Amino acid sequence: RAKAAGRNGARLFLPHMQQDADNRLELERGLRTALERNQLSLHFQPQVSMNGKLQGAEALLRWRHPELGDVPPDVFIPVAEETGLIHALGTWVITRACAHIQAWRSQGVNFGGRLAVNVSPWQIAHPQFVEHIQAIVVTAGIDPEWLTLELTESALLNDFEAALATLHALSSIGFRLAMDDFGTGYSSLAYLQQLPLDELKIDRSFVSALQPSVPDPLAGFIVDIGRRLGMATIAEGVETEQQRARLGAMGCDTLQGYLICRPLPEAEFLHWLASRQTVAEKNIA
Ligand code: C2E
Ligand code: MG
Ligand code: MG
Ligand code: MG
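Residues numbered from 1 in each chain as written. Chains lettered and ligands numbered in written order. Predicted model: local features only at pLDDT ≥ 70, side-chain atom pairs only at ≥ 80, totals over all residues. Heavy atoms only, no water.

## Section: the nonpolar core
Core analysis: the biggest nonpolar cluster contains 76 residues, and Leu 147 and Leu 170 have the highest contact counts within it. At 9 residues, the largest contribution of residues to this core is made by helix α3 (residues 86-106). Among all residues touching Leu 147, those that are not within four sequence positions of it are Ile 94, Ala 97, Cys 98, Ile 101, Leu 115, Val 117, Ile 133, Val 137, Phe 175 and Arg 176. (Core = buried A, V, L, I, M, F, W, Y, C linked by side-chain atoms within 4.5 Å. Buried < 20%, exposed > 50% of the residue type's maximum accessible area, 1.4 Å probe, protein only. Helix = DSSP H or I, 4+ residues; strand = E, 2+ residues; numbered from the N terminus. Contact = heavy atoms within 4.5 Å.)

## So, the coordination of the magnesium ion (ligand 2)
Only Glu 58 (OE), Asn 118 (OD1), Glu 150 (OE) and Asp 180 (OD) from the protein coordinate the magnesium ion (ligand 2), and they sit 2.0 to 2.2 Å from it. Between the magnesium ion (ligand 2) and the magnesium ion (ligand 3), a separation of 3.9 Å is found, and both are coordinated by Asp 180. Taken as a pair, Asn 118 in strand β4 (residues 115-118) and Asp 180 in strand β6 (residues 176-182) lie far apart in primary sequence, 62 residues in all. Accessibility expressed as a relative area gives 30% for Asn 118, which makes it partly exposed. Here Asp 180 falls in the buried class, since its relative accessible area comes to 7%. (Donors = N, O, S within 2.8 Å, 3.2 Å for Na, K, Ca; no water.)

## Focus: the site of ligand 1
Lining the immediate environment of ligand 1, one finds 22 residues, of which Arg 62, Asn 118, Asp 180, Glu 239 and Tyr 258 sit closest. Contact distances for ligand 1 include 3.0 Å between a nitrogen atom and a side-chain N or O atom of Gln 45. In the environment of ligand 1, an oxygen atom lies 2.8 Å from a nitrogen or oxygen atom belonging to the side chain of Arg 62. Considered on its own, ligand 1 offers 800 Å² of accessible surface; in the complex 84% of this is hidden by protein. Sorting the residues of the shell around ligand 1 by element identifies β2 (54-65), α2 (73-83) and β6 as the ones contributing at least two each. Here the shell around ligand 1 gets 4 residues from one element, more than from any other, and that element is β2. Of the residues belonging to the shell around ligand 1, the class tally is 8 nonpolar, 5 polar and 9 charged. (Near = heavy atom within 4 Å. Polar contact = N/O pair within 3.5 Å; in protein donor to acceptor, adjacent residues only side chain to side chain. Areas by Shrake-Rupley, 256 points an atom, 1.4 Å probe, with all protein chains shown as cover. Nonpolar A, V, L, I, M, F, W, Y, C, P; charged D, E, K, R; others polar.)

## Examining the packing of aromatic side chains
Considering all chains together, one arrives at 6 aromatic pairs under this definition. Relative to Tyr 191, the ring of Phe 160 lies with its centre 3.9 Å away and its plane at 15°, an arrangement referred to as stacked. In this pair, Phe 160 is assigned in helix α6 (residues 160-173) and Tyr 191 in helix α7 (residues 189-194), connecting sequence segments 31 residues apart. The buried category is assigned to Phe 160, whose relative accessible area is 9%. By relative accessible area, which is 34% here, Tyr 191 ends up partly exposed. Put simply, the rings of Phe 44, Trp 104, Phe 111 and Phe 269 touch in pairs and so form one group of aromatic residues. Stacked on the ring of Trp 146, the Lys or Arg Arg 105 has its end atom at 3.6 Å from the ring centre. (Phe/Tyr/Trp six-rings, centres within 6.5 Å; stacked < 30°, edge-to-face > 60°. Lys NZ or Arg CZ within 6 Å of the ring centre and 35° of its normal.)

## Focus: the coordination of the magnesium ion (ligand 3)
Listed as protein donors to the magnesium ion (ligand 3) are Asp 180 (OD), Asp 181 (OD), Glu 236 (OE) and Glu 236 (OE); their distances from the metal cover 2.0 to 2.8 Å. All donors to the magnesium ion (ligand 3) come from one chain, and their sequence spacing reads D-D-x54-E.

## Observations concerning the side chain of Gln 256
For Gln 256, the position within the fold is in the loop between β9 (254-255) and β10 (264-265). Among the polar contacts made by the side chain of Gln 256, one reaches the side chain of Gln 47 at a distance of 2.9 Å. When neighbours within four sequence positions are excluded, Gln 256 is seen to be in contact with Gln 45, Pro 46, Gln 47, Glu 58, Lys 201, Ile 234, Ala 235, Glu 236, Gly 237 and Val 238.

## Section: the pattern of salt bridges
Summed over the entire model, instances satisfying the criterion amount to 9 salt bridges. Two residues, Arg 176 and Glu 199, come together in a salt bridge whose shortest N-O distance is 2.7 Å. In this pair, Arg 176 sits in strand β6 while Glu 199 sits in strand β7 (residues 199-202), placing the two residues 23 residues apart along the sequence. With relative accessibility at 17%, the residue Arg 176 sits in the buried group. Between Glu 241 and Arg 244 there is a salt bridge, with its nearest N and O atoms 2.8 Å apart. Within this pair, Glu 241 and its partner Arg 244 are both found in helix α10 (residues 241-250), separated by 3 residues, close to a single helical turn. Glu 241 sits in the partly exposed class, given a relative accessible area of 46%. On the basis of relative accessible area, Arg 244 is assigned to the partly exposed category, the value being 28%. What emerges from the salt-bridge pattern is a single network uniting Glu 58, Glu 150 and Lys 201. (Salt bridge = Lys/Arg side-chain N within 4 Å of Asp/Glu carboxyl O.)

## Points about α10
Within the sequence span of α10, burial applies to Gln 243, Leu 247 and Met 250. Around the axis of α10, the buried residues are gathered within 55° of arc, so they sit on the same side. Close packing links the buried residues of α10 with α8 (204-208), α9 (219-228), β8 (232-235) and β9. Trailing α10 by a residue or two, Gly 251 shows a phi angle of about 95°, which is positive. (Arc of directions from axis to C-beta.)

Here is the structure:
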């Protein structure tokens with residue numbers, strides 16, 4: 001891949017790079033069609049507090065290409081960002097997420113009350129983003145507090161002052177803000193302190209480093225940072241019971257990962273919620 005070119009700046013043209021460029025074009029064309037033809041959907045992954053209480057869910061974008069099959073977001077989001085399609089895609093995600101929140105609330109579905117969406121740095125940098133997202137929630141008739149916006153540290157890299165102003169505006173409207181993949185970017189603690197964040201999401205790499213009988217290098221440190229800055233911590237990619245126990249001992253607030261549930265399409269997610277509720281009711285009875 002061109003991106004993997006040597007750190008000294010040397011670039012080699014390899015035959016597969018032409019193929020990469022062709023794929024990219026194919027993906028860009030496909031994404032435009034996907035937006036028009038309803039080939040996109042959201043999957044939902046529950047977020048559960050350390051004592052088992054449902055806190056909400058994260059919405060994850062899925063694209064089923066008619067010929068290529070499922071294209072992972074790690075592949076198509078960068079293409080959307082490079083081509084400017086991220087704005088239309090991001091708007092679609094937020095609009096759909098609000099529609100789901102509205103529908104579930106009016107149907108009395110207990111999903112924890114909050115839905116998180118991933119927001120690209122390009123969306124944050126858009127001068128009309130705040131106006132735009134506010135219009136979406138007003139139209140959907142939902143309270144901004146029901147929506148958590150997950151951003152990454154790279155949202156702060158280009159124009160920190162502008163990003164800071166945007167985050168403060170979003171926060172004062174009532175949106176919850178979470179820092180995704182925390183600890184993998186380049187932002188400094190001095191920056192972090194200025195951000196109106198509600199949650200820090202401990203990156204999966206720190207969670208998977210929690211192997212039995214190996215001392216914890218960093219996850220506990222991130223929980224401490226969150227506590228000092230008054231932010232809740234949520235661990236992503238929790239896969240094992242041992243990881244859950246160690247995160248609990250550190251004082252991490254919330255868990256997300258395959259241990260609890262994989263991201264699911266809406267019907268299966270609602271099914272998961274319903275069967276969980278039945279178990280809870282049985283336990284009380
Ligand atoms: P993310 O926001 O950090 O999402 C977490 C990713 O980890 C998801 O991958 C999820 O399926 C996966 N995951 C959850 N639990 C586990 C686990 O226990 N083990 C492992 N190995 N993985 C787990 P996914 O859905 O492929 O999404 C990848 C990334 O694509 C997301 O990372 C996010 O950065 C981006 N993305 C997804 N949807 C959107 C979207 O609507 N907009 C934008 N801008 N980015 C999105
Ligand atoms: Mg996320
Ligand atoms: Mg993440
Ligand atoms: Mg991630």
